[in-house]
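An overview of the molecular structure
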Amino acid sequence: MPTSNPWRLYGTLGCHLCEQAEQLLQQFAETRALTWQHIDIAELPTEQMLELAHQIPIICRADTCLTWPFSLVDLVQLYHD
């Protein structure tokens, strides 16, 4: 089941957890047809950036989001939701 909309990975430069989340997405993408967009929260409006700052990394698909920590199993579930 390929995804029609790209997933969104919210993070920021220099965040080691965000780097781990992206590596996990890359690993998952090797077995599924999906794309994602990396969104640096530093480029968002201040209010939104501050709201997300303590939750990153966050992966969203449609209206469903996962906050760290998440695993490949969680990505599979998100993929099928």
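Please read these numbers as outputs of a predicted model, since none were measured by experiment. (Residues numbered from 1 in each chain as written. Predicted model: local features only at pLDDT ≥ 70, side-chain atom pairs only at ≥ 80, totals over all residues. Heavy atoms only, no water.)

Here we take up the overall build of the protein. Of regular secondary structure, the protein possesses three helices and four strands. The N-to-C order of helical and strand elements in the protein reads β-α-β-α-β-β-α. Expressed along its principal axes, the backbone C-alpha trace of the protein runs to roughly 35 × 25 × 15 Å. Across the 81 residues in the protein, those meeting the buried criterion constitute 35%. Accessible area of the protein: about 5,100 Å², with a carbon and sulfur share of 52%. (Helix = DSSP H or I, 4+ residues; strand = E, 2+ residues; numbered from the N terminus. Buried < 20%, exposed > 50% of the residue type's maximum accessible area, 1.4 Å probe, protein only. Areas by Shrake-Rupley, 256 points an atom, 1.4 Å probe, with all protein chains shown as cover.)

Scanning the model with the defined rule gives four aromatic pairs in all. On the basis of an interplanar angle of 50° and a centroid distance of 6.4 Å, the ring pair of W7 and Y79 is categorised as tilted. With a gap of 72 residues between them, W7 in strand β1 (residues 7-11) and Y79 in helix α3 (residues 72-80) connect regions that are remote in the sequence. Y79 carries the same exposure label as W7, and that label is buried. On the basis of an interplanar angle of 80° and a centroid distance of 4.9 Å, the ring pair of W68 and F70 is categorised as edge-to-face. (Phe/Tyr/Trp six-rings, centres within 6.5 Å; stacked < 30°, edge-to-face > 60°.)

Before going further, it helps to examine the state of the cysteines. The final tally for this structure, using the stated rule, is one disulfide. In this model, C60 is linked to C65 through a disulfide, with the two sulfur atoms separated by 2.1 Å. Measuring the twist about the S-S bond at about 105°, one finds the C60-C65 disulfide to be right-handed. A relative accessible area of 3% means that C60 is categorised as buried. The exposure class assigned to C65 is partly exposed, which follows from its relative accessible area of 42%. (Disulfide = S-S within 2.5 Å.)

Before going further, it helps to spend a moment on helix α1 (residues 16-29). Given a rise of 1.5 Å per residue, 14 residues ought to cover 20 Å, and the 20 Å separating the end C-alpha atoms of α1 matches this to within 8%. Of all the positions in α1, only C18, A21, L24, L25 and F28 are classed as buried. The buried residues of α1 occupy an angular sector of 115° when the element is viewed end-on, so they sit on one face. Pointing more than 90 degrees away from the buried face of α1 are the exposed residues H16 and Q23. Contacts from the buried residues of α1 go to β1, β2 (36-40), β3 (58-61) and α3. (Expected span 1.5 Å × (residues − 1). Arc of directions from axis to C-beta. Contact = heavy atoms within 4.5 Å.)

We now examine the environment of I41. Tracing the backbone shows I41 in the loop between β2 and α2 (46-52). Counting along the chain gives 12 residues from I41 to A53, while the straight-line C-alpha distance between them is 7.4 Å. Excluding its chain neighbours within four sequence positions, the residues that come into contact with I41 are Y10, G11, T12, M49, L52, A53 and I56.

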